[in-house]
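Single-letter residue listing:
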Amino acid sequence: MDERVRPHEGADDVDEVTRAVLTASRVLVAVSARSLAAVEDRVTLPQFRMLVVLSMHGAVKLVALADRLGVSPSTAMRMNDRLVAAGLVDRRVNPDNRRENVLSLTDAGYRLVEEVTARRRTEIAAIVERMAPEQRTALIAALTAFAEAGGEPAVTEGRDAYPLGWADLPHRTAS
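These figures come from a predicted structure and were not determined experimentally.

Turning next to the sheet that holds strand S1 (residues 60-61). As summarised here, the arrangement of the three strands in space is S1-S3-S2, forming an open sheet in which the pairing is antiparallel. The open sheet is flanked by S1 and strand S2 (89-94), the only strands paired with a single partner. Here six bridges tie S2 to strand S3 (residues 97-105), and the two strands are oriented antiparallel to one another. Paired with Val89 across the bridge in S3 is Leu105.

Running from N to C, helix H2 (residues 45-57) and helix H4 (residues 73-85) cross one another at 85°; their axes reach a closest spacing of 10 Å. With respect to H4, the element H2 is oriented roughly perpendicular. Residues Pro46, Gln47, Met50 and Leu51 of H2 form the contact with H4, whose own contacting residues are Ala76, Met79, Asn80, Arg82 and Leu83. Grouping the amino acids of the contact of H2 with H4 by side-chain chemistry returns six nonpolar, two polar and one charged.

Another aspect to go through is the nonpolar core. Core analysis: the biggest nonpolar cluster contains 26 residues, and Val43, Phe48, Met50, Leu51, Leu54, Leu65 and Leu112 have the highest contact counts within it. Where this core is concerned, the elements lending two or more residues are H2, helix H3 (62-69), H4, S3 and helix H5 (107-129). It is H2 that contributes the most residues to this core, seven residues altogether.

Turning next to the side chain of Asp90. One can find Asp90 in strand S2. Residue Asp90 is classed as buried on the basis of its relative accessible area of 19%. At a separation of 2.4 Å, a polar atom in the side chain of Asp90 contacts the side chain of Arg92. Those residues in contact with Asp90 that sit more than four places away from it in its chain are Val102, Leu103, Ser104 and Thr106.

It is worth spelling out a nonpolar patch on the surface at this point. A surface patch of nonpolar side chains, amounting to about 340 Å² of accessible area, comprises Val17, Val21, Leu143 and Phe146. Those elements that place two or more of their residues in the nonpolar patch are helix H1 (14-37) and helix H6 (133-149). Here Phe146 lies in helix H6. Phe146 sits in the exposed class, given a relative accessible area of 51%.

Looking now at the pairing of S3. When S1 meets S3, the two strands line up antiparallel, connected through two bridges. The residue of S3 that forms the bridge with Lys61 is Val102. The antiparallel hairpin formed by S2 and S3 contains two residues in its connecting segment.

The periodicity of an α-helix, 3.6 residues per turn, causes residues three or four places apart in sequence to face the same way. Look at H1: 34 Å from first C-alpha to last across 24 residues, which is about the 34 Å you get at 1.5 Å a residue. Within H1 the residues assigned to the buried category are Val31, Ser35 and Leu36. Contact partners of the buried residues in H1: H2 and H5. Between a side-chain oxygen at the N-terminus of H1 and the backbone nitrogen of Asp15 the separation is 3.1 Å; the capping residue is Asp13.

Let us now look at the pattern of salt bridges. Evaluation of the coordinates by the stated rule reveals seven salt bridges. The salt bridge partner of Arg42 is Glu115, with a shortest N-O separation of 3.7 Å. Of this pair, Arg42 sits in the loop between H1 and H2 while Glu115 sits in helix H5, placing them 73 residues apart in sequence. Take Arg42: its relative accessible area is 42%, and that puts it in the partly exposed class. For Arg119, the salt bridge identified is with Glu115, shortest N-O distance 3.1 Å. With Arg119 and Glu115 both in helix H5 and four residues apart, the pair spans about one turn of that helix. What makes Arg119 partly exposed here is its relative accessible area of 32%.

Conventions adopted
Residue indices follow the written sequence of each chain, beginning from 1 at its first position. Owing to the predicted nature of the model, reporting of local features is limited to residues with pLDDT of at least 70; listing and counting of side-chain atom pairs is limited to 80 or more, with chain, interface and lining totals taken over all residues. Excluded from the side-chain calculations are hydrogens and water; all other atoms, namely the structure's heavy atoms, are used. Pairs of strands are assigned from DSSP output, requiring at least two bridges between the strands. Secondary structure counts use DSSP, requiring at least four H or I residues in a row for a helix and at least two E residues in a row for a strand, with both numbered from the N terminus. Here the axes come from fitting lines to C-alpha atoms, over the contacting stretch only for helices, and the angles between their N-to-C directions go from 0 to 180 degrees. These descriptions rest on fixed angle ranges, namely under 35 degrees for roughly parallel, over 145 for roughly antiparallel, 65 to 115 for roughly perpendicular, and the rest for oblique. Residue contacts follow a heavy-atom distance rule, with two residues in contact if any of their heavy atoms lie within 4.5 Å. Residues are grouped as follows: Ala, Val, Leu, Ile, Met, Phe, Trp, Tyr, Cys and Pro are nonpolar; Asp, Glu, Lys and Arg are charged; every other residue, Gly included, is polar. Joining through side-chain atoms within 4.5 Å is the link that ties buried Ala, Val, Leu, Ile, Met, Phe, Trp, Tyr and Cys residues into a set, and such a set is a nonpolar core. Working definition: with a 1.4 Å probe on protein chains only, accessible area under 20% of the residue-type maximum means buried, over 50% means exposed, and in between means partly exposed. Whenever a nitrogen or oxygen atom comes within 3.5 Å of another N or O atom, the pair is scored as a polar contact, on the condition that within protein one atom can donate a hydrogen and the other can accept it, and that pairs from neighbouring residues in sequence are kept only if both atoms are in side chains. Here the term patch refers to residues with relative accessible area over 30% and no salt bridge, with like charges joined within 9 Å and nonpolar side chains (Val, Leu, Ile, Met, Phe, Trp, Tyr) within 5 Å. Per-residue accessibility takes into account occlusion by the displayed protein chains alone, with areas from the Shrake-Rupley method and a 1.4 Å probe. The salt bridge criterion pairs a side-chain nitrogen of Lys or Arg with a carboxyl oxygen of Asp or Glu, the two atoms within 4 Å. Each helix should span, by expectation, one fewer than its residue count multiplied by 1.5 Å.

As structure tokens, this is what we get:
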């Protein structure tokens, strides 16, 4: 077994676990980058993140979207303008407050999120298949505990196609 993945004495040490998670995160970042490579001529990583948020939450006001992304409303507006121009996001006047816009994904936006996510899922599955069954079982327990400690809701059946795992999926409507 490779020394880098062999359990070490004192593996419950916070520094050792942190190093292991950082190493694993490099793999996940590389997988994410490769999954976006086919669409990088259409969207940047931050723009893709916006598409994912919209795919999870459905129609949303710009200020709420900016808050979910952790960016300023002006930054969210610039990102949104590019995605509207690309035909991936739809911007409509809020019927409840005509001074606001409501943003949602177009069908093309949903397809792009699904395409990138399918690539990511396939590559992650190939990596997991190379692990021994007992390692996979241990990984499930470890990653579940890690996600719970980080406050991330569990992905449930039917929701595993989405890369960021938000709990409240909207009912998708045609754009």
